[in-house]
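Survey of secondary and tertiary structure
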Amino acid sequence: SFDSMDEPSNTLGVMVTLRMRLFCEIMRNGSDVPEQVHEVLNEVVIDRGSSSFLSNIECYEKGRFVTRVQADGIMLATPTGSTAYS
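Described in the following lines is the structure provided in the data block. (Residues numbered from 1 in each chain as written. Predicted model: local features only at pLDDT ≥ 70, side-chain atom pairs only at ≥ 80, totals over all residues. Heavy atoms only, no water.)

1. Digging into the overall build of the protein chain
Counting its regular elements, the protein chain contains zero helices and six strands. Moving toward the C terminus, one meets the helices and strands of the protein chain in the order β-β-β-β-β-β. For the protein chain, the proportion of its 86 residues judged to be buried stands at 14%. Within the protein chain, contacts between residues at least 6 apart in sequence are counted, and of these 32% link residues at least 24 apart. Accessible surface computed for the protein chain: about 7300 Å², of which carbon and sulfur atoms make up 50%. (Helix = DSSP H or I, 4+ residues; strand = E, 2+ residues; numbered from the N terminus. Buried < 20%, exposed > 50% of the residue type's maximum accessible area, 1.4 Å probe, protein only. Contact = heavy atoms within 4.5 Å. Areas by Shrake-Rupley, 256 points an atom, 1.4 Å probe, with all protein chains shown as cover.)

This is the structure we're talking about:
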């Protein structure tokens, strides 16, 4: 884990670009306990899986409500991720 590659302790001898990651916790049916936890690079996709029904998905950032969607799924990306979809 690197906090900063500008520190004198960087003796790797290579250029490293730090990238923003997403920390994703999946909670179902109003539970306060995550069912799944993932740390991802670039983007995360949440979809309905094999269900034939639309999903109701709420997204939060650091406990702050961002959006609510009823859809087949949702994709969330970092500023440097998912350029193929823009």
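2. A few points about the side chain of threonine 78
With respect to the element layout, threonine 78 can be found in the segment after β6 (73-77). Other than its neighbours up to four places away in sequence, threonine 78 contacts Met20, Arg21, Leu22 and Asn42.

3. A short note on the layout of surface pockets
Approximately 1400 Å³ is the volume found for the largest pocket. For the largest pocket, the lining is made up of 35 residues, of which Cys24, Glu25, Ile26, Glu58 and Cys59 are closest to its centre. Elements that contribute at least two residues to the lining of the largest pocket include exactly β1 (21-26), β2 (36-41), β3 (43-47), β4 (55-61), β5 (64-71) and β6. The biggest single contributor to the lining of the largest pocket is β4, with seven residues. Across the lining of the largest pocket, the residue classes break down as 17 nonpolar, 10 polar and eight charged. (1 Å grid on protein atoms, 1.4 Å probe; cavity = no way out; pocket = protein on both sides within 12 Å on 5 of 7 lines; lining within 4 Å. Points joined across faces, edges and corners; volume = space filled by probe spheres on them. Nonpolar A, V, L, I, M, F, W, Y, C, P; charged D, E, K, R; others polar.)

4. Quick look at the pattern of salt bridges
Summed over all chains, the structure comprises five salt bridges. The closest approach of N and O atoms between arginine 48 and aspartate 72, which form a salt bridge, is 3.0 Å. On the criterion of sequence distance, the pair formed by arginine 48 in the loop between β3 and β4 and aspartate 72 in the loop between β5 and β6 is long-range, its members being 24 residues apart. What makes arginine 48 partly exposed here is its relative accessible area of 31%. (Salt bridge = Lys/Arg side-chain N within 4 Å of Asp/Glu carboxyl O.)

5. A word on the side chain of serine 55
Position of serine 55 among the secondary structure elements: in strand β4. Residues contacting serine 55, with those up to four places away along its chain left out, are Arg48, Val69, Gln70 and Ala71.

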